[in-house]
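Descriptive structure summary
For reference, the chains in residue letters:
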Amino acid sequence: MDYSNLVSKAFEGRKNAYAPYSNFKVGAAVLTEDGKIYTGCNIENASYGATNCAERTAIFKAISEGHKTIEAIAIVGVINDYTYPCGICRQVISEFASDNTKIILGKGKNEYIVKTLDEILPGAFTKKDLEK
Ligand code: THU
């Protein structure tokens, strides 16, 4: 599977990053079950804890437009290295992931690695646990 387009979209999202405090810009792009793409960026706040990560911005855009499942999410942060999603974002991804959801870490349009949720969040607490 070629995720270069999704990684490009994450770079586009990154351009809008509002990160005046950390200067750490992050972009994300969510691919939905029907092929739509939603981009996101991190949005910081003078009250630091109110900051929203790029992944959650993109995911919340997709979910608020009626989507239920994330096919893939691309994340780009620092240039020339891979930026993994933070713990909170991993948890939010898990809420909308299927067994096939891919997490794409990009450091260039054609330079990315593909992970599964189980690799980056083993033993996740999910809605299935609430049914026990
Ligand atoms: N950040 C993200 O947008 N995604 C992550 O998964 C890691 C952290 C942002 C939050 C904050 O604006 C900046 O990176 C530094 O933590």
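Quick notes on the rules
Residues numbered from 1 in each chain as written. Predicted model: local features only at pLDDT ≥ 70, side-chain atom pairs only at ≥ 80, totals over all residues. Heavy atoms only, no water. Helix = DSSP H or I, 4+ residues; strand = E, 2+ residues; numbered from the N terminus. Buried < 20%, exposed > 50% of the residue type's maximum accessible area, 1.4 Å probe, protein only. Lys, Arg positive; Asp, Glu negative; His and termini not counted. Salt bridge = Lys/Arg side-chain N within 4 Å of Asp/Glu carboxyl O. Polar contact = N/O pair within 3.5 Å; in protein donor to acceptor, adjacent residues only side chain to side chain. Contact = heavy atoms within 4.5 Å. Near = heavy atom within 4 Å. Areas by Shrake-Rupley, 256 points an atom, 1.4 Å probe, with all protein chains shown as cover. 1 Å grid on protein atoms, 1.4 Å probe; cavity = no way out; pocket = protein on both sides within 12 Å on 5 of 7 lines; lining within 4 Å. Sits in = over half its atoms within 2 Å of the grid points. Nonpolar A, V, L, I, M, F, W, Y, C, P; charged D, E, K, R; others polar. UniProt positions renumbered as here; feature names shortened; annotations may be inferred.

For Arg-90, the location among the structural elements is in helix H3 (residues 87-95). Here Arg-90 occupies a buried position and makes no salt bridge, while the nearest side chain of opposite charge, Glu-55, is found at 7.6 Å. Separated by 2.6 Å, the side chain of Arg-90 and the backbone oxygen of Pro-85 make a polar contact. For Arg-90, the residues in contact, after removing those within four places along its chain, are Tyr-84, Pro-85, Leu-117, Ile-120 and Leu-121.

Turning our attention to the site of the ligand. Lining the immediate surroundings of the ligand are Ser-22, Phe-24, Val-26, Asn-42, Glu-44, Thr-51, Cys-53, Ala-54, Glu-55, Tyr-84, Pro-85 and Cys-86. One nitrogen or oxygen atom from the side chain of Asn-42 is found 2.9 Å from an oxygen atom belonging to the ligand. Measuring from an oxygen atom of the ligand, one finds a backbone N or O atom of Cys-86 at 2.8 Å. For the ligand, the accessible surface in isolation is 380 Å², of which the surrounding protein chains cover 79%. With respect to the detected pockets, the ligand is housed in the second largest pocket. Looking at the shell around the ligand residue by residue, the classes come out as seven nonpolar, three polar and two charged.

Here we come to unusual backbone geometry. Look at Asn-23: it is not a glycine, yet its phi comes out positive at around 60 degrees. With respect to the secondary-structure elements, Asn-23 resides in the loop between helix H1 (4-14) and strand E1 (27-32). Although it is not a glycine, Asn-80 adopts a positive phi angle of roughly 75 degrees.

This paragraph deals with the UniProt feature "active site" (unreviewed entry) in the chain. The sites that carry the UniProt feature "active site" (unreviewed entry) are, in the present numbering, Glu-55. One can find Glu-55 in helix H2 (residues 54-64). Classification of Glu-55 by relative accessible area gives buried; the value is 4%. With residues near it in sequence (within four places) discarded, Glu-55 still touches Val-26, Ala-28, Ile-73, Ile-75, Pro-85, Cys-86 and Cys-89.

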